[in-house]
Amino acid sequence: MDSIIETANKQQPKEALNTLLEGALEADTIEFEDSWCPAVVNALSGLKDTDAEINPLIAPLQIVQQDALMRAIYYGLERTDNGLSLLKWHGALVKKAGVGCVVRYLCERSSNKTSDGDADDDD
């Protein structure tokens, strides 16, 4: 995954995003937040947040890539001040992929918190 990120860091934003999303097909989900999500958010911030720019980039994505991109968008929403642009990407991705990619992200996040022992105890 590090070599994919290094390659992406040397590319223009559009090519970097494509490289990173191709890498998502082979990546271990544990690695995503450490380096992959910040690299995707960086690539997204270098792109125009217009439908004409966004839609052709998300149109060919497979479900795994859609889910990975959604994970990166939520990562960026939590950690950057690029919210308006990321919300445009979020809306376009939901329009293309449906709410399933949001639900899968939320379920994964909930599952990770539970398995890490971070879930709130009601006892």
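Residues numbered from 1 in each chain as written. Predicted model: local features only at pLDDT ≥ 70, side-chain atom pairs only at ≥ 80, totals over all residues. Heavy atoms only, no water.

Per an unreviewed UniProt entry, the chain goes by the name Actin-related protein 2/3 complex subunit 5 and belongs to Blattamonas nauphoetae.

Asker: I'd like a description of the overall build of the chain, backed by residues and values.
Answerer: Per the secondary structure count, the chain includes 7 helices and 0 strands. Of the regular secondary structure in the chain, the N- to C-terminal order runs α-α-α-α-α-α-α. Residue burial in the chain is summarised as follows: out of 123 residues, 37% are buried. Intrachain contacts of the chain at a sequence separation of at least 6 include 69% that bridge at least 24 residues. For the chain, the exposed area adds up to about 7200 Å²; of that, 48% sits on carbon and sulfur atoms. (Helix = DSSP H or I, 4+ residues; strand = E, 2+ residues; numbered from the N terminus. Buried < 20%, exposed > 50% of the residue type's maximum accessible area, 1.4 Å probe, protein only. Contact = heavy atoms within 4.5 Å. Areas by Shrake-Rupley, 256 points an atom, 1.4 Å probe, with all protein chains shown as cover.)

Asker: Any details on the confidence of the model for the chain? Residues and values, ideally.
Answerer: The predicted model of the chain has a mean per-residue pLDDT of 85, with 84% of residues at 70 or higher. Per-element mean pLDDT across the chain ranges from 76 in helix α7 (residues 100–116) up to 95 in helix α4 (residues 51–58). (pLDDT = per-residue confidence, 0-100.)

Asker: For the packing of α4 against helix α6 (residues 83–97), give the residues involved together with the corresponding values.
Answerer: In a pair of packed helices, the angle between the axes and the distance between the axes together describe the arrangement. Taken N-terminus to C-terminus, the directions of α4 and α6 make an angle of 45 degrees; their axes are 10 Å apart at the nearest point. When the axis of α4 is compared with that of α6, the two are oblique. α4 and α6 meet at a crossing whose hand is right-handed. Along the contact surface, α4 presents Ile54, Asn55, Leu57 and Ile58, while α6 presents Lys88, Trp89, Ala92, Leu93 and Lys96. (Axes fitted to C-alpha atoms, helices over the stretch in contact; angles between N-to-C directions. Parallel < 35°, antiparallel > 145°, perpendicular 65-115°, else oblique. Left-handed = near helix turned anticlockwise from the far one by under 90°.)

Asker: Describe the nonpolar core, naming the residues involved and giving the relevant values.
Answerer: Ranked by size, the top nonpolar core spans 35 residues in total, and within it Leu17, Trp36, Leu69 and Trp89 carry the most contacts. Ignoring sequence-local partners within four residues, the contact set of Trp89 consists of Leu17, Leu44, Leu47, Lys48, Asp49, Ile54, Leu57, Ile58 and Ile73. (Core = buried A, V, L, I, M, F, W, Y, C linked by side-chain atoms within 4.5 Å.)

Asker: Mind laying out the pattern of salt bridges, listing which residues take part and the relevant values?
Answerer: Enumeration according to the criterion identifies 4 salt bridges in this entry. Taking the shortest distance from any N to any O, the salt bridge between Asp67 and Arg104 comes out at 2.7 Å. Of this pair, Asp67 sits in helix α5 (residues 63–79) while Arg104 sits in helix α7, placing them 37 residues apart in sequence. The exposure class of Asp67 is buried, given its relative accessible area of 15%. Exposure remark for Arg104: the relative accessible area of 36% places this residue in the partly exposed category. Salt-bridge contacts for Arg79 lead to Glu78; the nearest nitrogen and oxygen are separated by 3.2 Å. We classify Arg79 as partly exposed; its relative accessible area is 44%. (Salt bridge = Lys/Arg side-chain N within 4 Å of Asp/Glu carboxyl O.)

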